[in-house]
Amino acid sequence: PRQSAAGQGDVKAPRLLKREADPKALVKADLEQRKFEEAFSRALMSQDVDLVLWLCEQIGEEEFFYQDPFPLSQSVLLALLQQVGSDLKKGRETKFSWIQRILLKLDTDYFEKEGLLQHLPPVLKELQGNLGNLNVKAKEKSRLEVVHAILTSVTFTVNAKLGI
């Protein structure tokens, strides 16, 4: 046995507690550095819809969605659409706005060129179902109608490209 300097018997090595970093703190750090792709990827990988919603709420979407070049990849946009559209119980105003803007930014030509077009219909169908099952307030109806119209258009385009 190891002895302490004072001869007190066994000295146990200090236990190093490996603590996982707080995902929100990491996302916030990426956001502060304007590393949008990393921030959204990290939030999406956490599979925490509340964290994704929080991130969306931190960003001025008017400015964000008109950046050139756009700071998010198409794959992150699709994952973001899936997660934002998966739980529409809270944060609807933010989620409807982001869903609308993501649908407008989805580049079906990119997905077709990359051979990934078949990944869109399941996400779009899930979103359509989630939107259809909502009891919306009067003030949400006009936004929901716009989201439905854009979603229908994107779905039509994807189905046409797939020959469905």
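Further up the page is the structure itself.
Residues numbered from 1 in each chain as written. Predicted model: local features only at pLDDT ≥ 70, side-chain atom pairs only at ≥ 80, totals over all residues. Heavy atoms only, no water.

1. Observations concerning the nonpolar core
Here's step 1: Core analysis: the biggest nonpolar cluster contains 44 residues, and Phe40, Leu80 and Leu103 have the highest contact counts within it.
Here's step 2: Going through the elements one at a time, helix H1 (23-32), helix H2 (36-45), helix H3 (49-58), helix H5 (74-84), helix H6 (92-105), helix H8 (120-132) and helix H9 (138-162) are the ones with two or more residues in this core.
Here's step 3: Discounting residues that sit within four places of it in the chain, Phe40 has contacts with Leu55, Cys56, Ile59, Phe64, Leu72, Val76, Leu80 and Trp98. (Core = buried A, V, L, I, M, F, W, Y, C linked by side-chain atoms within 4.5 Å. Buried < 20%, exposed > 50% of the residue type's maximum accessible area, 1.4 Å probe, protein only. Helix = DSSP H or I, 4+ residues; strand = E, 2+ residues; numbered from the N terminus. Contact = heavy atoms within 4.5 Å.)

2. What to know about the packing of H8 against H9
Here's step 1: Interhelical geometry of H8 versus H9 gives an angle of 155° and a closest axis separation of 10 Å. Here H8 is positioned roughly antiparallel relative to H9, judged by the angle of their axes. The two elements H8 and H9 cross, and the hand of that crossing is left-handed. Residues Leu120, Pro121, Leu124, Leu127, Gln128, Leu131 and Gly132 of H8 pack against Leu144, Val147, His148, Leu151, Thr152, Val154, Thr155, Val158 and Leu162 of H9.
Here's step 2: Grouping the constituent residues of the contact of H8 with H9 by class yields 11 nonpolar, 5 polar and no charged. (Axes fitted to C-alpha atoms, helices over the stretch in contact; angles between N-to-C directions. Parallel < 35°, antiparallel > 145°, perpendicular 65-115°, else oblique. Left-handed = near helix turned anticlockwise from the far one by under 90°. Nonpolar A, V, L, I, M, F, W, Y, C, P; charged D, E, K, R; others polar.)

3. Description of the packing of aromatic side chains
Here's step 1: All chains considered together, the criterion is met by 9 aromatic pairs.
Here's step 2: With a centroid separation of 6.1 Å and an interplanar angle of 40°, the aromatic rings of Phe40 and Phe64 are classed as tilted. A residue pair is termed long-range when its members are at least 10 positions apart, and Phe40 in helix H2 and Phe64 in helix H4 (residues 61-64) qualify at 24 residues.
Here's step 3: Each ring, one from Phe64 and one from Phe65, has its centre 5.3 Å from the other, and the planes form 90°; the classification is edge-to-face. Accessibility assignment for this pair places Phe64 and Phe65 in one class, buried.
Here's step 4: Through a chain of ring-to-ring contacts, the aromatic side chains of Phe36, Phe40, Phe64, Phe65, Phe70 and Trp98 assemble into a single cluster. (Phe/Tyr/Trp six-rings, centres within 6.5 Å; stacked < 30°, edge-to-face > 60°.)

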